[in-house]
Amino acid sequence: MVLHTSPYPSALLSCLSRLSWAFVFPCYWLLDRLLASCVPTSLEKRRRSQDPCSFLVLGVLISTPLYLVLLLASLPFAFLGFLLWAPLQSIRKPYIYSHQKPDKHGAEQGAAAGTAATLTEWRPQGRSFCFGSANVCLLPDSLARFNNLADTQRRAREVGKRIRNGASRPQIKIYIDSPTNTSISAVSFCSLATQGFRRTSSLDHRPEPTVNTESETEALTDCPVHSSGGTRSDCPIHITDAQNSAECPIHPNGEEHAPDCPVQQFAESNSSNECPLHSNITQNSEECPLHPSGVQISITSPDSEPIDAAKGNHQDGDTGSLESRTASRESLVRFHAADGGISPNNTLSQHRTSVFKRPIGRKRRHGDDGFDHEISAFFPANLDFLCLQEVFDRRATDRLRRQLHRYFPYVLSDVGRYGWKGCCSRFKFLNSGLLLASRYPILDARYECFPNGRSEDALAAKGVLFAKVQVGRSAQEQRVVGYITCTHLHAIEGDSSVRCEQLDLLLEWGSEFRRANLGSADEEKVLEDQVAFDVILGDLNFDNCSSEDKLEQQHSLFTQYKDPCRLGPGEDKPWALGTLLDTSGLYDEEVGSPESLQKVMENEEGRKEYLVFPASKNHCPSQKGRKIPLKGNGRRIDYILYREEGLQQEWKVDIEEFSFITQLAGLTDHLSVAARLVVSTGEEES
């Protein structure tokens with residue numbers, strides 16, 4: 001399947017389209033500015049009320065008549081451009097595929113943004129993949145203001161910066177063993193220099209010590225075993241002239257057992273109550289790094305195994321960005337230490353961390369869920385796939401795509417139709433608003449438009465984007481692929497039947513897309529593709545708690561795909577969080593930054609103030625005039641669904657962690673969501 005890198009099949013048609021849009025754009029821009037001047041945001045209203053004689057009010061009084069006069073003058077040119085532009089939309093391609101190639105600066109650095117993924121051989125123990133979804137509300141500025149958002153172009157650039165900075169940073173999590181408390185504590189991720197830690201697979205939970213280099217030794221000024229001021233010369237961890245043992249966690253690189261190694265002496269003595277590093281006592285020391293009974297710290301750092309990502313100068317943007325743009329979803333390092341075992345001079349102590357309560361005796365966290373769940377101020381490190389909704393504005397799409405290409409090599413954008421075409425019984429002023437970014441090669445893509453849009457939703461070509469990506473290659477030279485579905489359903493409240501019809505079409509089109517890919521193999525190709533995962537991401541515009549959404553809650557979609565936040569129809573898990581923000585409070589100081597919004601979302605009263613809840617029928621107002629919440633933790637309308645089984649014989653997909661993300665605070669009226677899935681093959685590594 002050939003991906004469409006241009007919206008038109010020939011350069012001539014592309015030139016005609018650009019010419020026609022050049023005639024239309026002045027009228028479009030002036031109309032947008034005219035309407036925007038009449039719809040102020042709550043922040044603008046606040047500023048005007050504080051200073052009625054400010055330049056903002058004067059600017060509106062002067063600019064509005066000027067926009068109106070210029071708009072009328074541009075109408076004849078816009079009409080001529082429209083006559084040329086509208087017929088071209090019937091032959092326009094439904095998406096634009098872009099692959100960021102290495103630039104000159106990146107090549108000099110040894111790697112560049114957008115370099116292709118290194119499709120290594122698929123390992124028997126499987127892999128993990130991270131998926132993210134966000135509704136970014138990049139409508140034309142005048143329409144975005146109805147959601148209390150302004151300056152679409154600036155927001156598009158900032159959204160891209162925050163996403164790539166969050167995804168390209170290392171992260172650290174701290175798990176605290178607790179026999180009673182398994183709740184999640186204040187969770188945040190951090191930027192971290194990873195000197196002194198080895199990289200290992202996220203599926204390998206065994207601690208691996210670091211092979212010290214000169215620079216790493218300088219970074220750690222105090223020994224974690226002798227935090228009270230001991231020197232390295234008397235510490236068995238820092239003995240540089242001792243022989244290494246192949247099985248000794250202190251000497252991992254040698255082949256022979258060290259006769260003076262306390263760990264080997266301990267193993268030979270068969271003593272269970274005595275610590276090899278604290279042999280003078282009968283109880284294990286709380287400061288011993290070989291007894292991780294107190295705290296487990298896991299660090300994810302960028303790795304260049306799957307992708308040669310960008311290396312360049314530090315870019316501006318959200319905090320948490322690094323000079324290195326590299327990131328791998330599988331580079332997880334675990335360092336075990338007890339309470340108080342980390343020196344104040346250790347690198348870890350200089351950064352904010354994610355803290356989890358961890359029940360004793362369980363490999364996984366958080367009660368009976370079997371996976372981590374958190375409210376994070378950053379997008380997950382090593383994000384592999386990103387689905388965005390409401391990327392409608394053309395110029396905003398270009399700005400956003402340029403930012404995302406610094407981290408994601410492959411992007412599908414400008415998805416959908418304009419004008420009259422196929423299913424579009426009505427004229428489509430906006431495309432679908434979908435965008436898919438990937439760190440893995442996209443093999444095939446297909447877009448389908450929903451034919452049953454109503455009211456104002458019918459003016460946009462909402463639909464479904466299907467993509468097939470290659471994530472590896474088996475030992476038998478079979479391609480290992482995954483299927484990703486991005487969608488944005490009908491938004492009008494009360495139209496449950498419309499959304500259910502769209503879900504039916506989504507399942508039907510998805511089956512056709514997978515069958516077409518299985519049957520379109522080249523004749524020379526002998527072996528079929530192995531399917532690692534099948535994931536649906538997007539804004540479904542219904543929640544699992546509202547009584548008005550009962551029809552959608554019982555749809556067959558949830559029998560074929562699993563929702564990790566859902567217990568059953570009408571009931572979410574206690575930790576599940578609403579993703580739709582109350583637009584009236586977007587500019588409040590309490591939620592003005594990712595960190596502050598994160599703190600508010602961790603508090604029940606804060607959630608009631610700033611999330612949209614299913615409303616009760618009595619319509620009793622709360623302290624801010626909102627309706628009293630019915631139940632749950634807000635309206636969760638942004639989803640990540642996945643198939644657990646049936647993709648490949650003996651293969652299984654399981655969730656490792658789920659995140660509600662506040663990094664786009666002040667830029668959109670939705671919380672973002674992310675999930676990390678583990679694909680296991682049922683085989684054992686030889």
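No experiment lies behind these values; they were computed from the predicted model shown.

(A) Region of interest: the overall build of the chain. When you go through the chain residue by residue, the secondary structure sums to 14 helices and 19 strands. Within the span of the chain, comprising 686 residues, buried residues form 55% of the whole. The contacts of the chain with a sequence gap of at least 6 include a subset with a gap of at least 24, amounting to 74%. Carbon and sulfur atoms make up 52% of the accessible area of the chain, which totals about 30300 Å².

(B) Seen up close, unusual backbone geometry. A positive phi is found at Asp414, a non-glycine position, where the angle reads about 50 degrees. Here Asp414 lies in the loop between β9 (410–413) and β10 (435–438). Look at Asp414 and you get buried, because its relative accessible area is 16%. For Ser455, which is not glycine, the phi torsion reads 55 degrees and is therefore positive.

(C) Structural view of the packing of aromatic side chains. According to the stated counting rule, one finds 28 aromatic pairs in the structure shown. Centre to centre, the rings of Phe542 and Tyr639 are 5.6 Å apart; their planes meet at 40 degrees, and the pair counts as tilted. Here the residue Phe542 occupies a position in the loop between β14 (530–539) and α11 (550–553), and Tyr639 occupies one in strand β17 (residues 638–642), the gap between them amounting to 97 residues. For the pair Phe542 and Tyr639, a shared accessibility class is recorded, and that class is buried. Pairwise contacts between aromatic rings join Trp21, Phe25, Tyr28, Phe82, Trp85, Tyr418, Trp420, Phe427 and Phe429 into one cluster.

(D) Up close: the sheet that holds strand β11 (residues 442–449). On the basis of which strands lie adjacent, the open sheet formed by 5 strands has the order β11-β12-β13-β14-β17 and mixed pairing. In this open sheet, the two strands that pair with only one neighbour each are β11 and β17. Strand-to-strand twist of the sheet, defined as the mean angle between neighbouring strand axes without regard to direction, takes the value 15 degrees. Taken together, the 5 bridges between β14 and β17 define a ladder with antiparallel strand orientation. When the bridges of β17 are listed, Ile536 appears paired with Leu641.

(E) Structural context of the sheet that holds strand β7 (residues 372–376). Strand order in the open sheet formed by 8 strands is β1-β9-β10-β8-β2-β19-β18-β7, with mixed pairing between adjacent strands. A single partner strand is all that each edge strand has here, and the edge strands are β1 (96–99) and β7. For this sheet the average axis-to-axis angle between neighbouring strands, irrespective of direction, equals 15 degrees. Sheet topology places strand β18 (residues 652–661) next to strand β19 (residues 672–680); 9 bridges connect them, and they run antiparallel. Each residue of the ladder has a partner; that of Glu657, found in β19, is Arg676. Most of the contacts of helix α6 (residues 152–167) go to strand β2 (residues 127–138), to which it runs at about 165 degrees, and overall it touches β2 and β8 (385–391).

(F) Seen up close, the nonpolar core. Membership of the largest hydrophobic core comes to 87 residues, with the highest contact counts inside it found for Val471, Phe533 and Phe658. Excluding residues that lie within four positions of it along the chain, Phe658 makes contacts with Phe371, Asp372, His373, Glu374, Pro564, Cys565, Trp575, Ile640, Val673, Ala674 and Ala675. Listed in part, the 25 residues of the second largest apolar core include Ala134, Leu138, Ile163 and Leu400.

(G) Representation of the pattern of salt bridges in the model. Evaluated as defined, the whole model comprises 26 salt bridges. Arg46 serves as the salt-bridge partner of Asp588, at 3.8 Å between the closest nitrogen and oxygen. Residue Asp588 is located in the loop between β16 (571–572) and α13 (594–601), and its partner Arg46 is located in helix α2 (residues 42–50); the two are separated by 542 residues in the primary sequence. By relative accessible area, which is 14% here, Asp588 ends up buried. Given the relative accessible area of 32%, Arg46 is considered partly exposed.

Each value, and the rule that gives it
Residues numbered from 1 in each chain as written. Predicted model: local features only at pLDDT ≥ 70, side-chain atom pairs only at ≥ 80, totals over all residues. Heavy atoms only, no water. Helix = DSSP H or I, 4+ residues; strand = E, 2+ residues; numbered from the N terminus. Buried < 20%, exposed > 50% of the residue type's maximum accessible area, 1.4 Å probe, protein only. Contact = heavy atoms within 4.5 Å. Areas by Shrake-Rupley, 256 points an atom, 1.4 Å probe, with all protein chains shown as cover. Phe/Tyr/Trp six-rings, centres within 6.5 Å; stacked < 30°, edge-to-face > 60°. Pairing = 2+ DSSP bridges. Axes fitted to C-alpha atoms, helices over the stretch in contact; angles between N-to-C directions. Core = buried A, V, L, I, M, F, W, Y, C linked by side-chain atoms within 4.5 Å. Salt bridge = Lys/Arg side-chain N within 4 Å of Asp/Glu carboxyl O.

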